[in-house]
Every structure is written in C-alpha cells, then in structure tokens.
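# Working through the structure, step by step
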Amino acid sequence: MLSSKTFLNLVRTSRSRMSSTFAPKPAERTAQHAASIWVEFTTLAAETKAVNLGQGFPDSPAPKFVTDLLENLSKQPELTAAHQYTRGYGHPMLVDILAKMYSHFYNVQVDPMNEVLVTVGAYLSLYYAFLGWVNKGDEVLIIEPAYDCYYPQVKFAGGVPVPVVMNLADGATSASQFTIDFEDMEKKINEKTKMLVINNPHNPTGKLFTRQELEKLAEIAKKHNLIVIADEVYEFHVWDKNDMVRFASLPGMYERTISIGSAGKAFSVTGWKLGWAVGPKQLLEPLKAIHQNCVFTCSSPTQMAIAEAFRLDWPKFLNDPKNSYLATGLSGELRGKRDKLAKMLEEGNFRPIIPDAGYFMLADYSHLKEGLKLAPEADPDDFVFSRWLCREKKLAVIPPSAFYSSRAEKDKNSHMVRLCYFKKNETLDAAEVILKKLGEE
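All values derive from a computational prediction rather than experimental measurement.

## A word on empty space enclosed by the protein
The rolling of a water-molecule-sized probe over the atoms marks out the regions of remaining empty space. A full pass over the atoms with the stated rule returns two cavities of 30 Å³ or more. Forming the boundary of the largest cavity are Trp38, Phe41, Thr42, Asn52, Gly54, Gln55, Ala396, Val397 and Ile398. With three residues, helix H2 (residues 37-48) is the largest single contributor of residues to the lining of the largest cavity. Broken down by class, the residue content of the lining of the largest cavity amounts to five nonpolar, four polar and no charged.

## A short note on the layout of surface pockets
Estimates place the volume of the largest pocket at around 680 Å³. If you trace the largest pocket, you find 22 residues lining it, with His33, Ala34, Asp148, Tyr151 and Pro152 closest to the centre. Among the elements that line the lining of the largest pocket, the one with the most residues is helix H7 (residues 150-156), at three residues. Within the lining of the largest pocket, the residues separate by chemical class into 13 nonpolar, four polar and five charged. Counting only domains with at least three residues in the lining of the largest pocket, you end up with domain 1 (32-61 + 327-440) and domain 2 (65-321). If you add up the space inside the second largest pocket, you get close to 500 Å³. Along its surface, the second largest pocket is lined by 24 residues, and Gly56, Tyr123, Tyr147, Tyr234 and Lys265 are the ones closest to its centre. Those elements giving two or more residues to the lining of the second largest pocket turn out to be helix H6 (121-133) and helix H10 (263-266). The element contributing the most residues to the lining of the second largest pocket is H6, with four residues.

## Side note on the domain arrangement of the protein
Domain annotation for the protein reports domain 1 (32-61 + 327-440) and domain 2 (65-321). For domain 1 and domain 2, the distance between their C-alpha centres works out to 26 Å. Counting residues at the interface gives 32 residues for domain 1 and 38 residues for domain 2. Taken together, the two surfaces of domain 1 and domain 2 that pack against each other cover about 3,100 Å², and 60% of this comes from carbon and sulfur. In terms of surface lost to domain 2, no three residues of domain 1 exceed Ala327, Asp356 and Phe403, which account for 21% of the buried area on that side. Connecting domain 1 to domain 2 are zero salt bridges.

## Digging into the sheet that holds strand E11 (residues 351-353)
With antiparallel pairing, the three strands of this open sheet are ordered in space as E11-E12-E14. With one partner strand each, in any of the chains shown, E11 and strand E14 (416-420) form the two edges of the open sheet. Strand-to-strand twist across the sheet, computed as the mean angle between neighbouring axes with direction ignored, equals 30 degrees. Here helix H13 (residues 325-347) sits on the sheet and contacts E11, strand E12 (360-364) and E14; the angle it forms with E12, its principal contact strand, is near 15 degrees.

## Some points on helix H5 (residues 92-106)
Its 15 residues give H5 an end-to-end C-alpha distance of 21 Å, which sits within 8% of 21 Å, the value for a rise of 1.5 Å per residue. Every buried residue belonging to H5 is among Leu94, Val95, Ile97, Leu98, Ala99, Met101, Tyr102, Ser103, Phe105 and Tyr106, and all of these are buried. On the buried face of H5, the contacting elements are strand E2 (116-119), strand E9 (257-262), strand E10 (275-278) and helix H12 (300-319). Positive phi shows up at Asn107, right after H5, with a value of about 60 degrees.

Parameters at a glance
Residues numbered from 1 in each chain as written. Predicted model: local features only at pLDDT ≥ 70, side-chain atom pairs only at ≥ 80, totals over all residues. Heavy atoms only, no water. 1 Å grid on protein atoms, 1.4 Å probe; cavity = no way out; pocket = protein on both sides within 12 Å on 5 of 7 lines; lining within 4 Å. Points joined across faces, edges and corners; volume = space filled by probe spheres on them. Helix = DSSP H or I, 4+ residues; strand = E, 2+ residues; numbered from the N terminus. Nonpolar A, V, L, I, M, F, W, Y, C, P; charged D, E, K, R; others polar. Domains from an automatic or database assignment. Contact = heavy atoms within 4.5 Å. Buried area = accessible area lost by both parts, 1.4 Å probe. Salt bridge = Lys/Arg side-chain N within 4 Å of Asp/Glu carboxyl O. Pairing = 2+ DSSP bridges. Axes fitted to C-alpha atoms, helices over the stretch in contact; angles between N-to-C directions. Expected span 1.5 Å × (residues − 1). Buried < 20%, exposed > 50% of the residue type's maximum accessible area, 1.4 Å probe, protein only.

Set out below in structure tokens:
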C-alpha cells in the first residue's frame, strides 16, 4: 500500500508532466492530413446504431472453404512454413500461384520470385508504388471521383496529385455513363507528370472501363512515358469474367504497369489484409526496397491459406466456371444483391446508378432535397444528407463528394450517396424497411 508521502509525490509528478512545455512538432508531411471520412461515418454509424451500408466490406460469413484452409493450418503447430517467418517478398506458395494466374491474364510470363510482391493489404502496395517512384514535385494523374487514400499517399511521397474528373450525364442511370475527357487529361500533362492511376473496376462509381477506354489510356501512357498504377482489387467482381480487361494485358503495357490486387476482395476476407503488386522486376525493385525495411514480411498462415484457395479455385475458373467462386460464385451473389438494393432505393425515392461491377452503388437523392429542408452546413450537401440519414433514419451511407479534391467538384457532385450492397440479407432487409418508410413520407 502506498504511503501518503509517496502518493503526493506521484500526484506532483503527474501535474508536472501535465504542465510541461514539451510540445514537439510532427513532420511537415503529416500536418495537412485530417482524419479520413471513414473515421467520422464509422463512428456515427456505431453511435446511432444505424444499419451500415456505408463501409465497403461484407458482414456475412466468409467463404467456408477459405476459412477451413486457415483452420487446418492452425491445427498443425509443427508446420514451420505456416507459423514462422516466411520469405520477405511473399510466401513461395502464394507468389507461385499468383504468377501462374497473372501470366494467363496478362499473356506474359510473370516471374514469381521477381515480379510479385505480397504486402499488408492492397493499401500498402499502393503506398509502396507512390513512395518508390514519386519524387518531390512529380505529378500524378488521378481519375476522379477517386478513392480517398490516393491523394494523401501521393502527398506523403512528395508528389502532386492532379485530378482528371469524369463527366456524368444528367439523369444517368448507369455507372458506364461516367466518362473520361481524354483531351482534358492530356492538357494536364507536362514535363513533371510521371504517373497515372487507374482504378478498375472503379470505386466509388461501380464503373467497369471498356477495352476502348483502357486502350486510349494506354495510348496516353505511351505517348507521355508514364508509369501506370492499375488498382484492380475488384477484378473478380465482374458479372462476366471475360468483361474484365486487365490493364497490363494491353499491348506494351506490362512493362510500364504496377498492378495491384487484393486477397480480401477476391475471397471476401478483408480482415486478412493481404494484397500484392505485380509488375516487371524494374518497377518492383523500389517497392521491395521499402518493404524489406518496413514490415519485412506478411502473415505466413494467411498467405498459405490464400495460396491454397487460389490453387483450388483456379482450375475451376479456367475450365469449370459454374463451380468457381472467383468466376461465378462471388459475382452471382453480388449481382443479386445489386438488383435488390436498386429496387430498395427506387422504393425510397432515390435514383440508383446501376454499377457495372464491384460492390458499391451510387444513388441520386437530389429530388428529395426540397422536401427535407435540411439546415445548410459548411460541408457539401451530401455530407449534410448522409449525417441526417444516419441520425434520423438510422441508415449509414457515404457522401461521394469526399472522393473529389476541389470544392467546386464536391459541390457539383453532392447530389448522390454511395452504398455498399455486399451485405447479408438481414442487413439489406433492415435497410429496406427504412427506405420504404422514407419513400412513404
């Protein structure tokens, strides 16, 4: 038991620390980076106990055949390859099957030991790519709306993000109606432009870029000697596997492309946090240099389980697609949920913009604005509406203006919300009740 004298000394020490003038300044590169949109809306959804269609992850059980593989590894404590450090750049089992798959997709011979890098989620592959190739002042073309990690990651690397905003036709009902103004893109290219980021299938719109669109981007990349970051984490979320045109498969593009993939997205296990970068040795070397001095290696058992999941499904993907999770199982489930959410949104007096792929859908709520008479705020209208929807109606969504960089584009595109439909039926049913009531008001 503490004596009274010791207790008083502890109090004085504590007060002394509280009144200290010690106030170090963080690195300048972090100074302008506020909390992401996910912090606010995840917190708000939890506080209000809202039905959460905002965050992009499935809340249904993970595929059993995948989790069974991990369970099996956990029952073999003697298996050193599963429970101790593995090869830093990726478990041999995983890089081997990934190289086999992407050799098929890209129609090139991918070297598993030199042209595949396994990382802690696709996020880290993206960050390595920017940090490894972008110097201070280099410009990076980013197609907007853009997933919100691109901008801070480019800035952390010392680069300058340059937005290329897609156009959307008035009254649009399909994500395919988001289009790139290629002339505008080329006008923004100068001697400082080093890189182009392509997200396909696209988040948040759900657009799947056509071969013609991708060929035009390839033409621009060649003409201006750009490195391309192909963020293709939703590559298996297409309704027909043959509709997915991987950028590195286009003529001459493998040599200048770093392609990003995700185990979490492929097998619906986002919490496993495994991603990868695939590209020629020359392009991956800087990423590896950072990786070996950052996390060094990734989780061995999850890499082995994902490797085995790919090895089991890959022959089916090629020859028996009806029984392949990646070819038809995942996309079939997603398509049914997409159609269900679209119908629900129409009942709620929203206008859904039907996605071509992925598990996100935008919905136009502009015709609801006048009737709601929401109090104006400093933020764009979709932030105001999304907060109201969460607090008052208990439905959590994401305001897509967060995926634009300029205030003008934020305001111009603040008439929509983004929803994730990859949710269990109970979650979608609960959202349907809310939307029906909203539609009746």
